[in-house]
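Chains, contacts and geometry: an overview
Next come the chains, spelled out residue by residue.
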Amino acid sequence: MKRILLASTLILVSLISNSQNFEVETLKLSGETNKRINLVILSEGYQSSEFDKFKTDATSFMTDMFTQSPFKEYTNYFNVYIIKVPSNESGSDHPGTASDVSEPASPITTADTYFNTSYDSFGTHRLLYSSDYATISTVLANNFPEYDQSIVLVNSDVYGGSGGTFPFTSTGTSANEIAIHELGHSMFDLKDEYYPGDALAAEAINMTQETNPSLVKWKNWIGTNNIGIYPYASSGNAANWNRPHQTCKMRYLGYDFCAVCKEGMIEKIHDLVAPIDSYNPVSNTLEPNTFPVNFGLNLIKPVPNTLESTWTLNSNNVANNVDELALEASDFNEGENTLTAVVFDNSPMLKIDNHNTIHASTVTWKINYSSLGIEDMTTKENSFNIEMYPNPTENTINFTFKNRNNSTLKIEIATIDGKIINSTSVANLETKSIDISPLQSGIYLANFYTDNAFVGSKKIVKQ
Ligand SMILES: [Zn+2]
C-alpha cells in the first residue's frame, strides 16, 4: 500500500536516536498491511496503568468512525492499530493563555507527557496540539512503519483537537466527532466548511472561489443532497469563498460529511487501495490440463458492494459482475489467449459517469493453449488512474495516466454510435492533449484500453 506520508517518514528515519519499542495492538484487521489503509492511534497523557482506558477510548473512537459514511461503506479497506506510548503523568497541558475565551476556561494543568501536547495552542483554547512532530514520527517509524495515517489520542476530557499531518483529539465531549473531522483534514485534504481564516483559505475538494454552477468542481452534485455553492460569509474575504453544503461535518460536528466531501474521501481511498485483494490461479499454482479452469477474484468489497467487474477473453466480453469464471478447453484459441478482469467501483457516492477520474484495477491472464492443453500461463495485476479534463471543453482535452505496472493506455475518441474518430496512446505518468476543436458540438466517448482489454469509458462534452 502506498504511504501517504512517505516523504516525512523517510526524512525522519535519520533522526531516530533512541529507538523505543512500545506495544502495538490490533483493533481491526481487514487484510494485509500492504493491501489496506493502516490507521494507527497513539496514546498521549496515558500512564502505563491507564492502557486499558486507552484501549477503551481508542475502540470507542474506532467504532464511531466506522458507523459514519464513507468509513462505514469502506470499512473493509482499513486496519486499525493502537500503540501504547506511556506518559509519566496523565492528561495534557492547559496553560490558560488562550485569547478566544476568558481563561481559565478549564482548570490550569501541566502534565509531563510523551508528546508534550497542550491546549491554548496558537492562542485558541480548543486547539490541542504538539509541535513535536519528530517524536511522533520516531515512534511511528520504530513501532509501525507501515502506517498510512496516525491520530494522537490525548487523555483529557476537555474539549479539543487539531488537524495537520498528525491530528490530535481529546477524550472529552464530542471527542470522536472532533477526531473524525480532523481526519477529514489530515487524511483527505478537506477544508473546514466554517471559515478557517484567510491564511487557510484555499482551493480544495470542498472549498472554492468559483461561483458558476456549471464550472464549480462539484458541479455534478449541484441540486442533489442539498449541494450548492454557499458563500462562507456575506462580507469580507470569507465572502469570496464558497462551500458545497451548509451542515457538513467539516462545518458542524454531529452531522454527516456532505456528498462532495464523501466523494473526495472515496477517491482518496481508491488512490491508496486497489479493490483486488488476491486472485487465482496465479501462474505457479496452475494445474494445466484440468478443465474447466476456474479463474477467480478475491475482492475488497464496500458495504453494500458497489464493485462491478467486466471479464474479457480475447476481446470478447464473457462475463460481468462475477467473482468466479470457469473456462472449458473449447473456450480457448490455439496459441496465446488473454483473459482480463476489470474491476471498478460504481458507488452512487461517486457520480461515476461524470467524475474526473477513473480508477480501475485489472488482472490479466496470458494463457498459451494447444491441443495438449494449457502449456503456459502468466498473470499480471494492475491499477489505473485516468484523469480527463477539462470537460466540457471546446478545443483540447487532456488525459493523464498513472498505473502500477508501467503499462500504456490506448485512448479512442468515438461518436456515441461507436465510430472511432481519433486514437492515441499515453505512457505511464504522461499527460497528453488531444485537439477536438474540429469536432461538432455534442457528446463523444473516450474509450480506454490497456493490454488489449477495455478498462473504461467516459463521456466528453464538446462545446
Ligand atoms: Zn463537506
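A quick note: this is a predicted structure, and the numbers were derived from the prediction, not measured.

The rules behind these values
Residues numbered from 1 in each chain as written. Predicted model: local features only at pLDDT ≥ 70, side-chain atom pairs only at ≥ 80, totals over all residues. Heavy atoms only, no water. Donors = N, O, S within 2.8 Å, 3.2 Å for Na, K, Ca; no water. Tetrahedral: all angles 85-135°; square planar, octahedral: opposite > 155°, others 65-115°. Helix = DSSP H or I, 4+ residues; strand = E, 2+ residues; numbered from the N terminus. Salt bridge = Lys/Arg side-chain N within 4 Å of Asp/Glu carboxyl O. Buried < 20%, exposed > 50% of the residue type's maximum accessible area, 1.4 Å probe, protein only. Pairing = 2+ DSSP bridges. Contact = heavy atoms within 4.5 Å. Axes fitted to C-alpha atoms, helices over the stretch in contact; angles between N-to-C directions.

**A word on the coordination of the zinc ion**
Here the zinc ion is held by the protein donor atoms Glu193 (OE), Cys248 (SG), Cys258 (SG) and Cys261 (SG), which lie 1.9 to 2.3 Å from it. Coordination geometry of the zinc ion: the four donor atoms subtend angles of 97 to 123° at the metal centre, consistent with an arrangement described as tetrahedral. Along the chain, the residues that donate to the zinc ion are spaced as E-x54-C-x9-C-x2-C. Of this pair, cysteine 248 sits in the loop between strand 8 (242-243) and helix 5 (259-272) while cysteine 261 sits in helix 5, and the two are 13 residues apart along the sequence.

**Details of the pattern of salt bridges**
Summed over the entire model, instances satisfying the criterion amount to 11 salt bridges. Note that glutamate 23 and lysine 84 form a salt bridge whose closest N and O atoms lie 3.4 Å from each other. Within this pair, whereas glutamate 23 is found in strand 1 (residues 23-28), its partner lysine 84 is found in strand 3 (residues 78-84), the two being separated by 61 residues in sequence. The partly exposed category is assigned to glutamate 23, whose relative accessible area is 46%. The partner of glutamate 177 in a salt bridge is lysine 249, and the shortest N-O contact between them spans 2.7 Å. Of the two residues, glutamate 177 is situated in helix 4 (residues 175-186) and lysine 249 in the loop between strand 8 and helix 5; the sequence distance between them amounts to 72 residues. Grouping residues by exposure puts glutamate 177 and lysine 249 together as buried. Via salt bridges that share partners, Glu23, Glu25, Lys55 and Lys84 belong to a single interconnected network.

**Regarding the sheet that holds strand 3**
One key point about sheets: their strands pair by backbone hydrogen bonds, in either a parallel or an antiparallel sense. Overall, mixed pairing links the six strands, which are arranged 1-3-2-4-6-5 in an open sheet. Of all strands in the sheet, those with a lone pairing partner are strand 1 and strand 5 (161-162), marking the two edges. Here three bridges tie strand 4 (residues 149-154) to strand 6 (residues 168-170), and the two strands are oriented parallel to one another. Among the inter-strand pairings, valine 152 is bridged to a residue of strand 6, identified as phenylalanine 168. Against the sheet, helix 4 engages strand 2 (37-44), strand 4, strand 5 and strand 6, with an angle of about 175° to strand 6.

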